[in-house]
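Descriptive analysis of the structure
Here is what each chain is made of, one letter per residue.
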Amino acid sequence: QAQLVESGGGLVQVGGSLRLSCVASGDISSINLMGWYRQAPGKQRELVATITSRFITRYTDSVKGRFTIDRDKAKNTLYLQMNSLIPRDTAVYSCYADLLLRGKSGIDRYWGQGTQVTVSS
């Protein structure tokens, strides 16, 4: 099995920055796609950013130029640097990883528990 543990959320003022981390642990053979979703109260879950094993990144339009997704393969860690935060960014942010466990034949998606980001005006 594997686990994803997030950290770095919190309360920040408009224009501030936060850096989210997501550490994958367990009997992991390899990690393919990783990414971040967010969900605000009363709204649908939104895909924020993704990064492939070759470090190809994609972003939803609303965060382009403000957020940066990155990963450290040696540490099995995913990051989301969030700058110029605005109230609309307030949400629970969840990471995911498509990974292969040792001894298994298929790739499964694992999720973090979610971390709250609140941007105050």
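Right above here is the structure, for reference.
The sections below set out a description of the structure shown in this document. (Residues numbered from 1 in each chain as written. Predicted model: local features only at pLDDT ≥ 70, side-chain atom pairs only at ≥ 80, totals over all residues. Heavy atoms only, no water.)

**Focus on the environment of Q1**
When you line up the elements, Q1 lands in the segment before strand 1 (2-7). Along the sequence, Q1 and G15 sit 14 residues apart, while their C-alpha atoms lie 39 Å from each other. Other than its neighbours up to four places away in sequence, Q1 contacts S25, G26, D27, L101 and Y110. (Helix = DSSP H or I, 4+ residues; strand = E, 2+ residues; numbered from the N terminus. Contact = heavy atoms within 4.5 Å.)

**Examining the pattern of salt bridges**
As enumerated under the stated definition, the model contains seven salt bridges in all. A salt bridge links R38 to E46; the shortest N-O distance between them is 2.8 Å. Where D61 meets K64, a salt bridge forms, and the shortest distance between an N and an O atom there is 2.9 Å. Exposure remark for D61: the relative accessible area of 61% places this residue in the exposed category. Classification of K64 as partly exposed rests on a relative accessible area of 49%. If you follow the salt bridges from partner to partner, you end up with R38, E46, R66, R88 and D89 in one network. (Salt bridge = Lys/Arg side-chain N within 4 Å of Asp/Glu carboxyl O. Buried < 20%, exposed > 50% of the residue type's maximum accessible area, 1.4 Å probe, protein only.)

**Description of the state of the cysteines**
For the structure on display, the rule yields one disulfide. The partner cysteine of C22 in its disulfide is C95, sulfur to sulfur 2.0 Å. Taking the torsion about the S-S bond as the criterion, the C22 to C95 disulfide, at about 60°, is right-handed. Of this pair, C22 sits in strand 3 (residues 18-26) while C95 sits in strand 9 (residues 91-101), placing them 73 residues apart in sequence. (Disulfide = S-S within 2.5 Å.)

**Here's the deal with the environment of L80**
Topologically, L80 is positioned in strand 8 (residues 77-82). Accessibility expressed as a relative area gives 0% for L80, which makes it buried. Between the C-alpha atom of L80 and that of L18, which follows or precedes it by 62 residues, the distance is 8.2 Å. Discounting residues that sit within four places of it in the chain, L80 has contacts with L18, R19, L20, W36, V48, A49, F67, T68, I69 and Y93.

**Quick word on the sheet that holds strand 7 (residues 67-72)**
Reading across the sheet, the four strands line up as 1-3-8-7 and stay open at both edges, with antiparallel pairing between neighbours. The open sheet terminates on both sides in strands that have one partner only, identified here as strand 1 and strand 7. The average angle at which neighbouring strand axes cross in this sheet is 15°, direction not considered. The pairing of strand 7 with strand 8 spans six bridges and is antiparallel. Following the sheet pairing, F67 is matched in strand 8 by M82. (Pairing = 2+ DSSP bridges. Axes fitted to C-alpha atoms, helices over the stretch in contact; angles between N-to-C directions.)

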